[in-house]
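# Structural characterization, general
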Amino acid sequence: LASITVTLTLEGGEEHKRTIRPALPGGDLHLWMKLAQLDLAAHPPQAAILAVTVHAEPGNRDKVQLGLFSPQTPEPGRLDVTLARLRSLVGEDCVGSPVLKDTHQPGAFQTALFRIAPTVENAPPSVESSSQRGALRMLRPAERLSITLRGKQPDGFLFRAARYRVERAYGPWIASGDWWNPTLWAAQQWDVIARSASGEVLYCCLTFEPLQKTWEMVGFYD
């Protein structure tokens, strides 16, 4: 089965419908019963139940033979039960795969239902570029800064009990959006090379939020 839809006819004529769709199709009856139990426990009906209707959709499950030295992956059934338990604890929107939103807002993402992508046979080998690339290690969450300005540019800041002097500052790169919503946002990004009194050099990214008048350290460049 690929999915089941449980429809509960409630006292008063209303219906309570829930669709359960695991990451992979399966035929384990105990697994489907457990997934249905966890889903209904997280989304209980609001009235007495008069009738129960179950509609099932068939599905095919690809058989994949792992390599001799490939790491062992968890059983799909146990993974689905674990995800269902997590959703009941932290909420539906807090469990899933991260998906970037269609926006320029820094760090904006949403969660989508976890799906296992189909295997691709005879895929061409990936070609890695020989040129060196830098990486930005983001701070989660970003850390607040006490900063001094020269004109409108960063001149120095206090970060983790150490004072840094800005040697070079590139920016600002300005972005804003969602002016039609109460959650409007704006940001100014600066790429900075700073040096402490002990000689430590930081290649870092700073942001200024004009709405809140705050500066934050958001990441380091490697």
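Just above, that's the structure.
Criteria and thresholds
Residues numbered from 1 in each chain as written. Predicted model: local features only at pLDDT ≥ 70, side-chain atom pairs only at ≥ 80, totals over all residues. Heavy atoms only, no water. Helix = DSSP H or I, 4+ residues; strand = E, 2+ residues; numbered from the N terminus. Buried < 20%, exposed > 50% of the residue type's maximum accessible area, 1.4 Å probe, protein only. Pairing = 2+ DSSP bridges. Axes fitted to C-alpha atoms, helices over the stretch in contact; angles between N-to-C directions. Core = buried A, V, L, I, M, F, W, Y, C linked by side-chain atoms within 4.5 Å. Contact = heavy atoms within 4.5 Å. Expected span 1.5 Å × (residues − 1). Arc of directions from axis to C-beta. Polar contact = N/O pair within 3.5 Å; in protein donor to acceptor, adjacent residues only side chain to side chain.

Turning our attention to the environment of Pro25. Turning to its location among the elements, Pro25 is positioned in the loop between strand E2 (15-20) and helix H1 (29-42). Residue Pro25 is classed as buried on the basis of its relative accessible area, which comes to 18%. The sequence separation of Pro25 and Ala2 amounts to 23 residues, and the corresponding C-alpha distance is 4.3 Å.

Attention now goes to the sheet that holds strand E12 (residues 214-221). The strands making up a sheet are joined through hydrogen bonds of the backbone, oriented either antiparallel or parallel. Read across the sheet, seven strands follow the order E6-E12-E11-E10-E9-E8-E7 without closing on themselves; strand pairing throughout is antiparallel. The sheet is open, and its two edges are formed by strand E6 (136-144) and strand E7 (146-150), each paired on a single side. The mean angle between the axes of side-by-side strands here comes to 30 degrees, regardless of whether they run parallel or antiparallel. Pairing of strand E9 (residues 162-177) with strand E10 (residues 185-196), which is carried by 11 bridges, proceeds in the antiparallel orientation.

Right, let's talk about the pairing of E10 for a bit. A large share of E10 lies buried, amounting to nine of its 12 residues. Hairpin geometry of E10 and strand E11 (residues 201-209) is characterised by an intervening segment of four residues between the two adjacent antiparallel strands and by a positive phi of about 95 degrees at Gly199.

A few words now on the sheet that holds strand E1 (residues 3-10). Taken in spatial order, the three strands line up as E2-E1-E3 in an open sheet, and their pairing is antiparallel. Here the strands that pair on one side only, and so sit at the sheet edges, are E2 and strand E3 (49-57). Within the sheet, the average angular offset between the axes of one strand and its neighbour, ignoring direction, is 15 degrees. One ladder, built from six bridges, connects E1 with E2; its direction is antiparallel.

Membership of the largest hydrophobic core comes to 17 residues, with the highest contact counts inside it found for Phe157, Phe159, Val192, Leu202, Cys204, Leu206 and Met217. Among the elements of the structure, strand E8 (153-159), E9, E10, E11 and E12 are those that each provide at least two residues to this core. Broken down by element, the residue count for this core peaks at four residues, all from E11. If near-sequence neighbours (up to four positions away) are discounted, Phe159 is found in contact with Leu139, Glu143, Leu145, Tyr164, Leu202, Met217 and Phe220. Grouped together as the second largest cluster of nonpolar side chains are 12 residues, Leu31, Trp32, Ala36 and Ala84 included.

Because each turn of an α-helix spans 3.6 residues, side chains separated by three or four positions in sequence point in the same direction. Spanning 14 residues, H1 covers 20 Å between terminal C-alpha atoms, matching the ideal 20 Å at 1.5 Å per step. When H1 is considered as a whole, its buried residues turn out to be Leu31, Trp32, Leu35, Ala36, Leu38 and Asp39. Across the axial projection of H1, the buried residues extend over an arc of 165 degrees, all falling on one side. In this structure, H1 carries Leu29, His30, Met33 and Ala41 as exposed residues pointing more than 90 degrees from its buried face. Of the residues that open H1, the one with a side-chain oxygen 3.1 Å from the backbone nitrogen of His30 is Asp28.

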